[in-house]
Amino acid sequence: MDADALRRGASQVLLANWTGASTVPSRTLYPHQWSWDSAFVAVGLRHLSAHRAQRELESLLAAQWADGRIPHIVFSPAVPEDAYFPSPSFWRSSQAGQVSGAPAAPETSGIVQPPVHALAAWLVHRADPEESRRRGFLDRVHPRLTAWHDYLLTRRDLGGGGLAAAVHPWEPGTDNSPCWDRALARVEPALPGTFRRADLDHGRSADRPTDLDYGRYVRLAADYREAGYDDRATRHAFAVEDPCFNALLIVSERALAAMARVLGRDDTPHTARADALTRHLVTRLWDADAGLFRVRDLHTDTLVDEGAVTGLVPLVVPHLPAEVVRSLRDTLTGPRFRAPATRLVPSYDLTGPAFDAHRYWRGPAWFNTAWLIHRGLRVHGLDTDAARLRRGFLAEAGHSGFAEYVDPVTGTPRGARHFSWTASLTLDLLNADAEETLP
């Protein structure tokens, strides 16, 4: 598919998934607003309409909790209750979350997703600075995004090592990664008859998390809800430090610093936090022998011996030690993550014991992680590798009908089609330039 056809196709997906205030990831499988999806969508929307991209982020931030958290789902009251599970009546955020500052409306989930939002907001501003200034975009979003990071760096520093912790497998965005298997084994699953999975109405069971894993997800979410979504009161049965989550926090802190400079404010607090987070990321999660970053299980205070794409995403962080960048590049281009058919990056080590080419985050190649790694390669001047990944991304996006993810071995499309972040990030790579990297 040529560039013009790709651009038209991607634009049509975003138009079709637009609800009037935000963009759903998929009209079928994901009919509400998702947190990091909206951030990725805004990155691509800025090439069509900077104004609409700003609205995408503003609609998400309108559901921010008083404690600073940005919830991972903002529910649309126009969507039937049984269209997605866990539904608004499961989370009960407006009642159960009052102590933690949940808004009275709209209803949201109580957990979070990776903090890519400030990076997205900075890129949206750069797409049309005049429109951004006219609408006071940065003036309004900067304090909200700062509060979001404050929440993560205070209430979520559960390990005491300066990194943000995830308390549910859905929070890092890589729901059923093998990286969670050991921690999830400690969780007693909810009984099968106590919930109904709506995802299997639209997705093949072979592509989706197992019923056992889903029961554990439900148990963790219910326990968090019963504790009022209060991180200080909850006994978290699942608590991990994820390298992708924290890498995006670092990059977004640098984006907040860039915003502060434009607004005439002191950028020092943000740059200092980004520098400290980078040191903590390397100290706590880098595995030199494996050549990638690992997840830290906070219950055992040990690194999880699994290789996942989230261990490569920290390439997106500027100022990593040179030996770390070299090792990450070697791992990315070696046999563990060099997909034979797609030139994308599998979500799990191709040679690992839990690899599954079809099942969600246990092997398939995703477009959002490819976009992040492409950005990281450019940050570190690895332009030949970045160009190869970009070509693979654009080819698979077109071939798959902007699929949610693809089989890394065969290139077969998997998951939802006409997926918003695939379309959005396609637009971004079609418009890729060199001016948007952060200091």
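You'll find the structure just up there.
Residues numbered from 1 in each chain as written. Predicted model: local features only at pLDDT ≥ 70, side-chain atom pairs only at ≥ 80, totals over all residues. Heavy atoms only, no water.

Trainee: Just checking my understanding: could you explain the overall build of the protein chain for this structure?
Mentor: Of the regular secondary structure elements, the protein chain holds 16 helices and ten strands. The burial tally for the protein chain puts 64% of its 439 residues in the buried class. Partitioning the contacts of the protein chain with sequence separation of at least 6, the portion at a separation of at least 24 is 71%. Counting only carbon and sulfur atoms, one obtains 50% of the accessible surface of the protein chain, whose full area is about 15,400 Å². Separation between the mean location of the 49 positive side-chain charges and that of the 53 negative ones in the protein chain comes to 2 Å. (Helix = DSSP H or I, 4+ residues; strand = E, 2+ residues; numbered from the N terminus. Buried < 20%, exposed > 50% of the residue type's maximum accessible area, 1.4 Å probe, protein only. Contact = heavy atoms within 4.5 Å. Areas by Shrake-Rupley, 256 points an atom, 1.4 Å probe, with all protein chains shown as cover. Lys, Arg positive; Asp, Glu negative; His and termini not counted. Charge placed at Lys NZ, Arg CZ, Asp CG, Glu CD.)

Trainee: I keep staring at the nonpolar core and nothing clicks. Help me out?
Mentor: Inside soluble globular proteins, nonpolar side chains tend to come together where they are buried. By size, the foremost hydrophobic cluster in this structure holds 132 residues, and its most contacted members are L145, F293, L328, W371, I373 and F393. Discounting residues that sit within four places of it in the chain, F293 has contacts with P243, L281, V282, L285, W286, G311, P314, L320, V324 and L328. (Core = buried A, V, L, I, M, F, W, Y, C linked by side-chain atoms within 4.5 Å.)

Trainee: How do you make sense of the environment of R362 when you look at a structure like this?
Mentor: Counting through the fold element by element, R362 comes out in the loop between α13 (322-333) and β8 (365-366). Considering only alpha carbons, one finds R362 and V379, 17 residues apart in sequence, at a separation of 27 Å. R362 has contacts with N176, S177, P178, D181, S347, Y348, A354, F355 and D356, leaving out every residue within four places of it along the chain. Within polar-contact distance, the side chain of R362 engages the backbone oxygen of N176 at 2.8 Å. (Polar contact = N/O pair within 3.5 Å; in protein donor to acceptor, adjacent residues only side chain to side chain.)

Trainee: Explain the sheet that holds strand β7 (residues 302-303) to me, please; I cannot follow it from the model alone.
Mentor: Working definition: the strands of a sheet are paired by backbone hydrogen bonds and lie parallel or antiparallel to each other. Sheet architecture is open: three strands sit in the order β3-β6-β7, paired in antiparallel fashion. Looking at the sheet topology across the chains shown, the edges are occupied by β3 (240-241) and β7. Two elements, strand β6 (residues 296-297) and β7, share two bridges in a ladder whose sense is antiparallel. Residue pairing across strands places D297 opposite T302, the latter belonging to β7. (Pairing = 2+ DSSP bridges.)

Trainee: Quick question: what am I supposed to make of helix α14 (residues 367-379) here?
Mentor: An α-helix turns once every 3.6 residues. As a result, residues three or four positions apart point the same way. With 13 residues, α14 extends 18 Å between its outermost C-alpha atoms, agreeing within 8% with the 18 Å of an ideal straight helix rising 1.5 Å per residue. The buried fraction of α14 amounts to eleven of the 13 residues, a majority that puts the element mostly inside the structure. Among the residues of α14, F367, N368, T369, A370, W371, L372, I373, H374, R375, G376 and L377 are the ones counted as buried. Looking one or two residues past α14, G381 carries a phi angle of roughly 75°, positive in sign. (Expected span 1.5 Å × (residues − 1).)

Trainee: Whenever I open this one, the side chain of E306 confuses me. Can you help?
Mentor: Within the element layout of this structure, E306 appears in the loop between β7 and α13. The side chain of E306 sits in the buried core without any salt bridge; R294 is the nearest counter-charge, 6.5 Å away. Here Y348 takes part through its side chain, which lies 2.4 Å from a polar atom of the side chain of E306. Excluding its chain neighbours within four sequence positions, the residues that come into contact with E306 are P178, C179, R294 and Y348. (Salt bridge = Lys/Arg side-chain N within 4 Å of Asp/Glu carboxyl O.)

Trainee: How should the side chain of H236 be read in this particular structure?
Mentor: Within the secondary structure, H236 is located in the loop between α10 (211-226) and β3. Leave out the neighbours within four places in its chain, and H236 touches L158, V167, Y224, D231 and H299.

Trainee: Got a minute to help me understand the sheet that holds strand β10 (residues 413-414) in this structure?
Mentor: The strand order across the open sheet formed by three strands is β8-β9-β10, and the pairing between neighbours is antiparallel. Unpaired on one side and paired on the other, β8 and β10 mark the two borders of the sheet. Two elements, β8 and strand β9 (residues 405-406), share two bridges in a ladder whose sense is antiparallel. Considered in β9, the bridge of W366 is made with Y405.

Trainee: Would you take a moment to explain the environment of L389 for this structure?
Mentor: With respect to the helices and strands, the residue L389 is situated in helix α15 (residues 383-399). When the C-alpha atoms of L389 and L344 are compared, they prove to be 6.3 Å apart, with 45 residues separating the residues in sequence. Residues contacting L389, with those up to four places away along its chain left out, are R343, L344, V345, A370, I373, H374 and L377.

Trainee: What exactly am I supposed to notice about unusual backbone geometry here?
Mentor: Peptide bonds are trans in most cases, and residues, glycine excluded, mostly fall at negative phi. Omega for the bond connecting F85 with P86 falls within 30 degrees of zero, at 0°, which places this linkage in the cis form. On the secondary structure map, P86 appears in the loop between β2 (73-74) and α4 (88-91). Notably, Y229 is not glycine yet its phi reads approximately 55°, a positive angle. With respect to the helices and strands, the residue Y229 is situated in the loop between α10 and β3. Despite not being glycine, R343 has its phi angle at roughly 65°, a positive value. For R343, the location among the structural elements is in the loop between α13 and β8. When its relative accessible area of 42% is taken as the criterion, R343 is described as partly exposed.

Trainee: Can you help me understand the packing of aromatic side chains in this one?
Mentor: Any two aromatic rings considered together are summarised by their centre-to-centre distance and by the angle between their planes. Under the counting rule described, the total for this entry stands at 25 aromatic pairs. Seen in terms of ring centroids, W361 and W366 are 4.0 Å apart; in terms of plane orientation they differ by 5°. Their pairing is stacked. Across the pair, exposure class does not vary: W361 and W366 are buried alike. Its end group placed over the ring of F90, R225 keeps NZ or CZ at 4.7 Å from the ring centre. (Phe/Tyr/Trp six-rings, centres within 6.5 Å; stacked < 30°, edge-to-face > 60°. Lys NZ or Arg CZ within 6 Å of the ring centre and 35° of its normal.)

Trainee: Explain the pattern of salt bridges to me, please; I cannot follow it from the model alone.
Mentor: Pairing between side chains of opposite charge can happen when the charged atoms of each approach one another. Taken as a whole and judged by the stated rule, the model has 28 salt bridges. Ionic pairing is found between R135 and E58, a salt bridge with its closest N-O pair at 3.0 Å. Separated by 77 residues along the polypeptide, R135 in helix α7 (residues 129-135) and E58 in helix α3 (residues 50-61) bring together distant segments of the chain. The salt bridge involving R156 is made with D231; its shortest N-O contact spans 3.0 Å. Of this pair, R156 sits in the loop between α8 (137-154) and α9 (181-184) while D231 is found in the loop between α10 and β3, placing the two residues 75 residues apart along the sequence.

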